[in-house]
Amino acid sequence: MDVESDVTELRKNYKKDWRFRLALIGTGLALVVVVLGAFTRLSHAGLGCPDWPGCYGHLLWPTEGHEIDAANQAFPHAPVETDKTWPEMVHRYFAGMLLLLVAGLTYMFWRRRGHRGFVQSHILLGLIVLQAAFGMWTVTLKLWPQVVTAHLLGGMATLAVLWMLAERLRYRKRQIPPHEFTALQNLRPLAVAAVIAVGLQIALGGWTSSNYAALACPDFPTCHNQWWPAADFSQGFNIAQQIGPNYLGGALEGEARTAIHLTHRIGAIIVSLLVCLVALRAWQAGSPRWALGLVAVLGLQVALGIANVVMSLPLPIAVAHNAGAALLLLSLLTFCYRINTVQPSIRNYA
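Here's what I pulled together on the structure shown here. (Residues numbered from 1 in each chain as written. Predicted model: local features only at pLDDT ≥ 70, side-chain atom pairs only at ≥ 80, totals over all residues. Heavy atoms only, no water.)

1. A few points about the overall build of the protein chain
Check the secondary structure of the protein chain and you find ten helices and two strands. Of the regular secondary structure in the protein chain, the N- to C-terminal order runs α-α-α-α-α-β-α-α-α-α-α-β. Within the protein chain, the proportion of its 350 residues that are buried is 46%. Of the accessible surface of the protein chain, which amounts to about 17,900 Å², a share of 66% is contributed by carbon and sulfur atoms. Side-chain charges in the protein chain split into 26 positive and 18 negative, and the spacing between the mean points of these groups amounts to 16 Å. (Helix = DSSP H or I, 4+ residues; strand = E, 2+ residues; numbered from the N terminus. Buried < 20%, exposed > 50% of the residue type's maximum accessible area, 1.4 Å probe, protein only. Areas by Shrake-Rupley, 256 points an atom, 1.4 Å probe, with all protein chains shown as cover. Lys, Arg positive; Asp, Glu negative; His and termini not counted. Charge placed at Lys NZ, Arg CZ, Asp CG, Glu CD.)

What follows is the structure, encoded as structure tokens:
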């Protein structure tokens, strides 16, 4: 009987380990998809393939001369640009791999409906399916900013849920001194506020990118050599933009794009203040490693944002800025999760 119990426990641990491994691999794959999506968007390759799910009717993309000629005849409104076809299709195939992985992970949890990761896995599957729809609409609606921004947010949400699932499968509750526990619990509302602020800032970043407003202010820290230049906020944040036009390159006037860019800068200031305050409180609560880590990730992200402006949006730095936003979000989410799972030690620390 004891042997059978040991074997059963080993099997449970083995399966659990595989769920954790898949969640961790999925997190890495989701990060690759987010980065590839940023690369595709920032290299203006979002309409590199005018059809979906193929590319000019190909499983990959047309490469030979006769294939390109045939594609140009079939899609006269969208001639083939070979430097834009492959980023779009590589992004789609990595997204497809992520869909298969999440489907497999969901099936593993479905077989054990009582497991704590059951709900998260099904949320993930729903997010991935919705992301596929947004990917299609990004093409069919010709980079409509609302869809492009929602597609970015969906990718970030998928990444976050996968990482938190892996964290939940791996992390074990630990005990800390009662005074540290109390300090960390008091920090929870501020940490949650920082997560919400970062999420809103990511949405602003998506809106900035989808409306091609990243260079609306070509100087820093001023904008057009003014602290508060002319800006049209009503048009910049008009979510009733028409469906139908081709939004490649953007369709807003200069003052509207300036309003978007200014708002993103203001958001960056708010996020920086909140994260620095969280880091300070974490240091005071006895978590100096977390404090230093959050400040380091924030500093990197701010530096990348400034570099994008002063260096006129170089592609590697712009893509890294998207990855930095994901890293900052995951860092704060992990910190919040650790706060929620620690317990006060019953030992006497007096």
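2. Details of unusual backbone geometry
Residues W52 and P53 are joined by a peptide bond in cis, for which omega reads 5 degrees. Assignment of secondary structure puts P53 in the loop between α1 (2–42) and α2 (65–74). Between F220 and P221 the backbone carries a cis peptide bond, its omega angle lying at 5 degrees. Mapped onto the fold, P221 is located in the loop between α6 (178–210) and α7 (233–236). The phi angle at S312 is positive, at roughly 60 degrees, despite the residue not being glycine. Along the chain, S312 falls in the loop between α9 (288–310) and α10 (315–341).

3. Quick word on the packing of α6 against α10
Where α6 meets α10, the axes come as close as 9 Å, and the angle between the chain directions of the two elements is 155 degrees. With respect to their mutual orientation, α6 and α10 come out roughly antiparallel. Where α6 crosses over α10, the handedness of that crossing is left-handed. Of α10, the residues touching α6 (which contributes L184, Q185, L187, R188, A191, V192, A194, V195, V198 and I202) are A325, L328, L329, L332, L333, F335, C336, I339 and N340. For the contact of α6 with α10, a count of residues per class yields 16 nonpolar, two polar and one charged. (Axes fitted to C-alpha atoms, helices over the stretch in contact; angles between N-to-C directions. Parallel < 35°, antiparallel > 145°, perpendicular 65-115°, else oblique. Left-handed = near helix turned anticlockwise from the far one by under 90°. Contact = heavy atoms within 4.5 Å. Nonpolar A, V, L, I, M, F, W, Y, C, P; charged D, E, K, R; others polar.)

4. Notes on the packing of helix α8 (residues 254–284) against α10
One way to put it is that α8 packs onto α10 with a least axis distance of 13 Å and a crossing angle of 35 degrees. Crossing hand, α8 versus α10: left-handed. Between α8 and α10, the contacting residues are H264, V271, V275, V278 and A282 on the first element and H321, L328, L332 and F335 on the second.

5. Some words on the packing of aromatic side chains
How two aromatic rings sit relative to each other is set out by the distance from centre to centre and by the angle between their planes. Applying the stated criterion across every chain, the model contains six aromatic pairs. For the pair Y56 and F75, a centre-to-centre distance of 5.3 Å together with 90 degrees between the ring planes defines the contact as edge-to-face. Taken together, the residues Y56 in the loop between α1 and α2 and F75 in the loop between α2 and α3 (82–110) connect sequence positions 19 residues apart. For Y56, a relative accessible area of 7% puts it in the buried group. The interplanar angle of 20 degrees and the centroid separation of 6.4 Å between the aromatic rings of Y107 and W110 together place this pair among those described as stacked. Taken together, the positions of Y107 and W110, both in helix α3 and three residues apart, correspond to about one turn of that helix. A relative accessible area of 40% means that W110 is categorised as partly exposed. (Phe/Tyr/Trp six-rings, centres within 6.5 Å; stacked < 30°, edge-to-face > 60°.)

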